[in-house]
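# Structural overview for review
The chain contents come next:
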Amino acid sequence: MAGPPSAPKKIAAIVTEYRNNSHADVVVGKYLDGYRQNGRAPKPRSKIVSLYTAQVPKNDMSRAKAKEHNVTIYRTIWEALTLGTNKLAVDGVLLIGEHGNYPLNDKGQKLYPRFELFLEIADAFRRTNQSVPMFSDKHLSYSWIRAKRMVEISRELDFPFMAGSSVPVTHRSPDWDLEWDTPLDKAGAVAYGGKEAYAYHMMEGMQSVVERRRDGESGVAWTECLENEAVWNYLDRTPWAKKIFDACLTVSKTRKPGQARELVKEPTAYLFGYRDGLEAATFMMNGLVNDFNVGVLPKGASEAKPVLMWLENGKPYGHFACLVQMIEKMYESGEPTYPVERTLLVSGMLDFALESRFQGYRRLQTAELDVKYEASRESHYCKGDPVWA
Amino acid sequence: MAAGATAMGPRFLAAHVPPPKNVAAIMTVYRPNSHSDVLVGKYLEGWLQDGKSPGPRSKLVSMYTAQVPDNDMSRGMSKKHNVPIYRTIYEALTLGTDELAVDGVLLIGEHGDYPMNDKAQKLYPRFELFLEITDVFRQVGKTAPVFNDKHLSYSWIKAKRMVDISKEMGFPMMAGSSVPVSHRKPSIDFPWGAKAEKAVAISFSGLDIYGFHLLESLQCMVERRRGGETGVKAVQCLQNQAVWDFLDNTPWAKRLFDRAIAHSETRSEGDLRQNVKEPAVFLVDYNDGLQAAAFLLTGGVRDFTVAIDIEGRSEPVSTLMWLQDGKPHRHFACLTMNIEKMFESGVATYPVERTLLTSGTLDFALESRFQGYKKLETPELNVRYLVPKKSNFCAGPPNIDPPVSE
């Protein structure tokens, strides 16, 4: 029988920048203003008690929000986690290293300082000899090496660590997940947006489905990037990829009428060969769709099974409410809701895929990406139709 | 003993001199006239940065640049001198292996596109880069000496943590400005063990960017006083008319001010108070009773002078700390010479606590300004350290190569 409910957890939000429509806005804003960000219930149980902003742009909203909700903004991460004392004074950390003025490198990666901010948080854990659960928004890092180190440190310091995108956990159309332990042969996805930022969402959406396959996840053996004409050629000569591609278009809610080849001026494909033989083909199709669609071909199946991962196209971007619900589960239970290895693997897949592109679309062997983990039987996404349907 | 040279012949060289150290440079940016240019450039192209002159003994073996601006020169230098640039600090320190592959680390976190906060501090990511460097040390189970250019951090809390980590992990650490170790005119030091009573330092330019150098010019002198350094108890910043009022109402400050500025080689013509539109002063009260006033006089001077009253002496000790106003920025050769001593010996040439204290004093001075020029009590700044008698600034006139310590 459940005991009396414990006090709401106190959370420190460590963000790069907090302005209108930033990730800090749509995540922290749900803690402050409720899931629909309208000042009304329902709201997450946990309370934001401190804030740190790496940057303060002209359109910053953190100062006003902090005043409005009586949240203290600190000049250092140390102070945000200890609330001015010498001990850890929060029950959880939210690390939102998305958005802000950061340079692009020559691989087209935005150099968000997630690893750097993580190291500062972990240093506060080292200093106080205490640790609490942490959620890191989106990919762990643009760099596989840094992403791997973050997970290693979380094991060393023994704290619950979760990460990733809202795409795998938002509502789906149809409301479907891969049956746990299904033997899977091929997979794919069709999405839109920037080569790095949104390709990541697409890949993690797909990964959240394929990780449920028979024998669990054991990592990725190779990756290859294709662009432009090479993408259409690949589709022409790879029937299974075309099958999944076409199936994805049937569930998209934004599919433009017309021929893909005419609508999409600069297609990109990221191909992956998993270690257990699963092959995946993911496509960035700007001009054809404006949403995230995943498709799988179970072993022996003749038809691909597609699913749309459904994002709300305007404020308050309700898919982040689904993400916050998943984060809340960890803060309350002390266990990650799903393994951080999902995001570790996808961060690595993306880094190597962009490396393939950088090296002239070479197929790269990725022995490093031997990330093994098992997904739970239980699905983790928002069931049923969303409020914005 | 002159760095980078020996009086003995080649066969003794082979028998007795250990191989040069390998050094990694971890930088915010490397572009013309940046600190990376004038420091790393000496490793790559010699003391005169002409590609011909001798230079430091240590070899630069890897680089990391946090930013790559349009006028980046790291890529060109990397190619020219066959020094690889790595995408991560981990790789720069292990050279692509799983072990520490360098004997020393240069952390140059000055220059680059970083925001200013509301205390007029530029948020250089020195603490963040330091955490990454030391995380590599944790990962591979081995450490190396680290030099951090300029203040440890704009933040006292971060600066202190950096020094604490270096103690915890047991590696030599040095930091700070080139000003304390450059040539002096006259070539004198504060008499070691003498009792200092009042001190004045004068410089120019921005509160954060040069206020740091100013405080180091002061600290490198007064740290030699009787009883050693025991920290700072209060800090206050004043600006504009309040600065002249302070001077006019504080006889010791006025007297030492005049003595210090007499050494300046760059004083503008005409009335100082007309030339200096926005004077600033940092008033520093030390725990042992020493009082100091450090002035920034943009428009009035373009150099660093100090004057300090000593008990029992009618004349204060005073001098100019000379910076070369153009290539090859000789004062950085003096700094490099001192860094090299640490890389070679494994012992910091002077204590990192000097820069811990100046970093903290500067943070609190800017906090004082932010709080409306309030005098702030600073119990946190109880930084205690001793320096040896030996001086470390560049001896003689600035044309001896390689540079030699006093």
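Here, every reference points to the structure presented above.
Owing to the predicted nature of the structure, the values given are computational and were not obtained by experimental measurement. (Residues numbered from 1 in each chain as written. Chains lettered and ligands numbered in written order. Predicted model: local features only at pLDDT ≥ 70, side-chain atom pairs only at ≥ 80, totals over all residues.)

Within chain B, the secondary structure is distributed over twelve helices and 13 strands. Its C-alpha atoms give chain B a radius of gyration of 21 Å, within 12% of the compact-globule value 22 Å for 406 residues. Taken along the three principal axes of its C-alpha coordinates, chain B extends 60 × 45 × 40 Å. Looking at the 406 residues of chain B, the share that counts as buried comes to 53%. Of the contacts formed within chain B by residues at least 6 apart in sequence, a portion of 77% connects residues at least 24 apart. (Helix = DSSP H or I, 4+ residues; strand = E, 2+ residues; numbered from the N terminus. Rg over C-alpha atoms; globule rule 2.2 N^0.38 Å. Buried ≥ 20, exposed ≤ 12 C-beta atoms within 10 Å, placed from the backbone. Contact = placed C-beta atoms within 7 Å.)

Attention now goes to the overall build of chain A. A tally of helices and strands in chain A yields eleven helices and 14 strands. Its C-alpha radius of gyration of 21 Å places chain A within 12% of the 21 Å reference for a compact globule of 389 residues. Projected onto the principal axes, the alpha-carbon positions of chain A cover approximately 65 × 50 × 40 Å. Residues counted as buried form 54% of the 389 residues belonging to chain A. Sequence separation of at least 24 residues holds for 79% of the intrachain contacts in chain A that already meet a minimum separation of 6.

A few words now on the packing of helix H2 (residues 35–45) of chain B against helix H11 (residues 330–345) of chain B. Residues and elements named next belong to chain B. One can describe the packing of H2 onto H11 by two numbers: an axis separation of 9 Å at closest approach and a directional angle of 65 degrees. In this structure, H2 crosses over H11, and the sense of that crossing is right-handed. Side by side, H2 and H11 meet where Val38, Leu39 and Lys42 of the first sit next to Phe332, Ala333 and Thr336 of the second. (Axes fitted to C-alpha atoms, helices over the stretch in contact; angles between N-to-C directions. Left-handed = near helix turned anticlockwise from the far one by under 90°.)

Another aspect to go through is the environment of B:Leu39. Residues and elements named next belong to chain B. Topologically, leucine 39 is positioned in helix H2. For the pair leucine 39 and leucine 256, spaced 217 residues apart in sequence, the C-alpha to C-alpha distance is 33 Å. For leucine 39, the contacting residues outside a window of four places in its chain are Leu106, Ile108, Asp149, Phe332 and Thr336.

Attention now moves to the interface of chain A and chain B. With 14 residues of chain A at the contact, the number on the chain B side is 14 residues. Among the secondary structure elements, those contributing two or more residues to the side of chain A that touches chain B are helix H4 (114–128) and helix H5 (144–156) of chain A. In terms of residue count, the dominant contributor to the side of chain A that touches chain B is H4(A) (four residues). Of the residues belonging to the side of chain A that touches chain B, the class tally is five nonpolar, three polar and six charged. (Nonpolar A, V, L, I, M, F, W, Y, C, P; charged D, E, K, R; others polar.)

Residue and element names in this part refer to chain B. If you trace the five strands from one edge of the open sheet to the other, you get E2-E1-E3-E4-E5, paired in parallel fashion. A single partner strand is all that each edge strand has here, and the edge strands are strand E2 (59–65) and strand E5 (173–176). Strand-to-strand twist across the sheet, computed as the mean angle between neighbouring axes with direction ignored, equals 15 degrees. The pairing of strand E3 (residues 104–108) with strand E4 (residues 146–149) spans three bridges and is parallel. Looking at E4, one finds that leucine 106 is bridged to phenylalanine 147. (Pairing = 2+ DSSP bridges.)

What follows concerns the sheet that holds strand E1 (residues 10–15) of chain A. Residue and element names in this part refer to chain A. Across the sheet, which stays open at both edges, the six strands sit in the order E3-E2-E1-E4-E5-E6 with parallel pairing between neighbours. A single partner strand is all that each edge strand has here, and the edge strands are strand E3 (72–73) and strand E6 (161–164). In this structure, E1 lies alongside strand E2 (residues 47–53), joined through six bridges in parallel fashion. Residue valine 15 lies in a different strand from E2, and its bridge partner there is threonine 53. Together, E1, strand E4 (92–96) and strand E5 (134–137) form the strand contacts of H4, whose direction differs from that of E4 by roughly 160 degrees.

The subject of this paragraph is the packing of helix H1 (residues 23–33) of chain A against helix H10 (residues 319–333) of chain A. Residues and elements named next belong to chain A. Packing of H1 against H10 leaves a shortest axis separation of 10 Å and a crossing angle of 65 degrees. As H1 runs across H10, the sense of the crossing is right-handed. Residue-level contacts link Val26, Val27 and Lys30 of H1 to Phe320, Ala321, Leu323 and Val324 of H10. Partitioned by chemical class, the residues of the contact of H1 with H10 number six nonpolar, no polar and one charged.

What follows covers unusual backbone geometry. With an omega of 0 degrees, the peptide bond between A:Lys315 and A:Pro316 qualifies as cis. For A:Pro316, the location among the structural elements is in the loop between strand E13 (305–309) and H10. Backbone geometry places A:Lys138, a non-glycine residue, at a positive phi of 70 degrees. The class for A:Lys138 is buried, based on 23 C-beta atoms found within 10 Å. You will see that B:Ala120, though not glycine, has its phi angle at about 65 degrees, which is positive. Topologically, B:Ala120 is positioned in the loop between E3 and helix H5 (126–140). Residue classification places B:Ala120 among the partly exposed residues on the basis of 15 C-beta atoms within 10 Å.

Further remarks concern the environment of B:Val40. Residue and element names in this part refer to chain B. Within the fold, valine 40 resides in helix H2. In this structure the C-alpha to C-alpha distance between valine 40 and aspartate 149, which are 109 residues apart in sequence, comes to 11 Å. When neighbours within four sequence positions are excluded, valine 40 is seen to be in contact with Ala25, Tyr30, Leu60 and Leu106.

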